[in-house]
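Chain residues, written in single-letter form:
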Amino acid sequence: MWPWRLILTACFFITLTPLYSSHAKPKAKKPTTSILSSHSSAQNIARINLSDFGSHVARFGNLAWGNSLFAIFTQINKERAITCVTALSVPEGKVLWQRGTPSRLNFAVSSDIPLQVYDWNQDGSDDVIYHDSGRLVILNGVDGSEQAAIEAEQPYSLYIYGTNQFGGAPGLILHGREFNSLLAPDLSLVWRISNGFSHFPMSVDVDRDGEPELLAGYLLLRSDGSLIWDRSSLGIHNDAAAYGDTDNDSSLEIAIATSGKAALLTSSGEILWRGEEFHAQHIAVGAFQSKTSNLQVVTMDRDRAQSGILRMYSNKGQLIWKMTNQGNRSMLSRVDNWITDSPTSLLLVSRSFKSPPTLYDGSGRIVEKFPFPPASRITNGQERFSLHFAQHFDMDNDGREEIFIYNEKALWIYRNKAKTLEMQGGKAAQSLPNPRIFNSTFYTGVQ
């Protein structure tokens, strides 16, 4: 029997070689079954009904000592004010505490809200940090009591910024529609700058000096708030961003979904290439294909036909493949270790009206589908899905990431019960805490 590395390499080479032809662009493809599906066996390990406190916003963290996992469901009203926060044990489904009054009318959220989960006071238990009614509030994760609060202007989202200037503790970015402010661990203001709108910031150590810079919209800032470069010419606004050393030259590249054509930039801000999108909404950078050591860039496009197009590009900007009909509101995320020790990452596509959350390999083939009946409905004889969302991380530290699927009705959790690939060079599973979880956003990009 061939080693799995040879099988994967041969499979990807045979499948993708025609797509690199300079004579024709790849045609839209229909997903087929991946060879990796034989190493994926989704097992549902929890089904939690959410009563009247369910929401489209779920954060995850270890709120009580002893690595106890909790989901934090947050409801808002029509003015985007937070009306209820509920801490729910996972997988038991017991309410630890609740602040505010739950309502089945306040579950829908169409954009980010300013709430994150992080161990702000560094006592070993995560806290809940949020902004509401002119105040920034930090709740004790164990009992929901208020342990700190200040008056603060209204941000669009919150970002835990791992700067080194506070002696090991992070700062907090208040990311507004027209401003960014950095708060110190004692919540005092360090700096404030004006900038154009974007959904969510991203930290990236572009010069590899150990101190991460901050990408806020199209501005790359030093940790003191000073400007490195401005690429507002990319247009509209920064919907999502990701980064990686795409060509193995020890220098990072930055990928941005621009609400138009996606862009890949050098760390110094030079535009390397633009994509083909009508409205790039989500973006990911990763090692999705085993035939090359370079990384790929994947985008989710809200195209004019509103079908939703998933595209994969080479690091040089060459279109490798695309898949239409993903659903115009679909999200994507890079999953590194659903299959233990796999040398390649997978793509998780969720929030599609047309299918449940689905894992794809680097050839656009289906690895796994995750049924979610709480969102399923039959319309004109066809199955359709109401809004639903997905998250992924290693909840039990077994080396594999679990997939969490939820809407206002329920939370379902899947794990992979298949045998491992037992290959070398695999990627580490994303257990808690990790930046993608404590800096959670609808506008998925960086992992």
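Refer to the preceding data block for the structure.
Heads up: these notes are all about the structure in this document. (Residues numbered from 1 in each chain as written. Predicted model: local features only at pLDDT ≥ 70, side-chain atom pairs only at ≥ 80, totals over all residues. Heavy atoms only, no water.)

A look at the sheet that holds strand E4 (residues 82–89)
With respect to topology, four strands assemble into an open sheet ordered E2-E3-E4-E5, the strand pairing being antiparallel. A strand with exactly one partner marks an edge of an open sheet, and here the two such strands are strand E2 (58–64) and strand E5 (95–100). Between one strand and the next, the sheet's axes are offset by a mean angle of 20°, whatever the strand orientation. Sheet topology note: the strand E3 (residues 68–76)/E4 ladder contains seven bridges and is antiparallel. Residue threonine 74 lies in a different strand from E4, and its bridge partner there is valine 85. (Pairing = 2+ DSSP bridges. Helix = DSSP H or I, 4+ residues; strand = E, 2+ residues; numbered from the N terminus. Axes fitted to C-alpha atoms, helices over the stretch in contact; angles between N-to-C directions.)

What about the sheet that holds strand E14 (residues 202–204)?
Taken in spatial order, the four strands make up an open sheet running E14-E15-E16-E17, and their pairing is antiparallel. Pairing within the sheet leaves two strands with one partner each, and these edge strands are E14 and strand E17 (227–230). Going across the sheet, the axis of each strand differs from the next one's by a mean of 25°, ignoring polarity. Bridge analysis of strand E15 (residues 213–216) against strand E16 (residues 219–221) gives three bridges, and the strand direction is antiparallel. Each residue of the ladder has a partner; that of leucine 215, found in E16, is leucine 220.

A look at the nonpolar core
Judged by nonpolar contacts, the single largest core of 56 residues is most densely connected at Phe60, Val128 and Leu411. At six residues, the largest contribution of residues to this core is made by E3. If near-sequence neighbours (up to four positions away) are discounted, phenylalanine 60 is found in contact with Leu69, Phe70, Ala71, Ile72, Val117, Gln391, Phe393, Phe404, Tyr406, Leu411 and Ile437. Of all hydrophobic cores here, the second largest spans 18 residues; its members include Leu348, Leu359, Val367 and Ile403. (Core = buried A, V, L, I, M, F, W, Y, C linked by side-chain atoms within 4.5 Å. Buried < 20%, exposed > 50% of the residue type's maximum accessible area, 1.4 Å probe, protein only. Contact = heavy atoms within 4.5 Å.)

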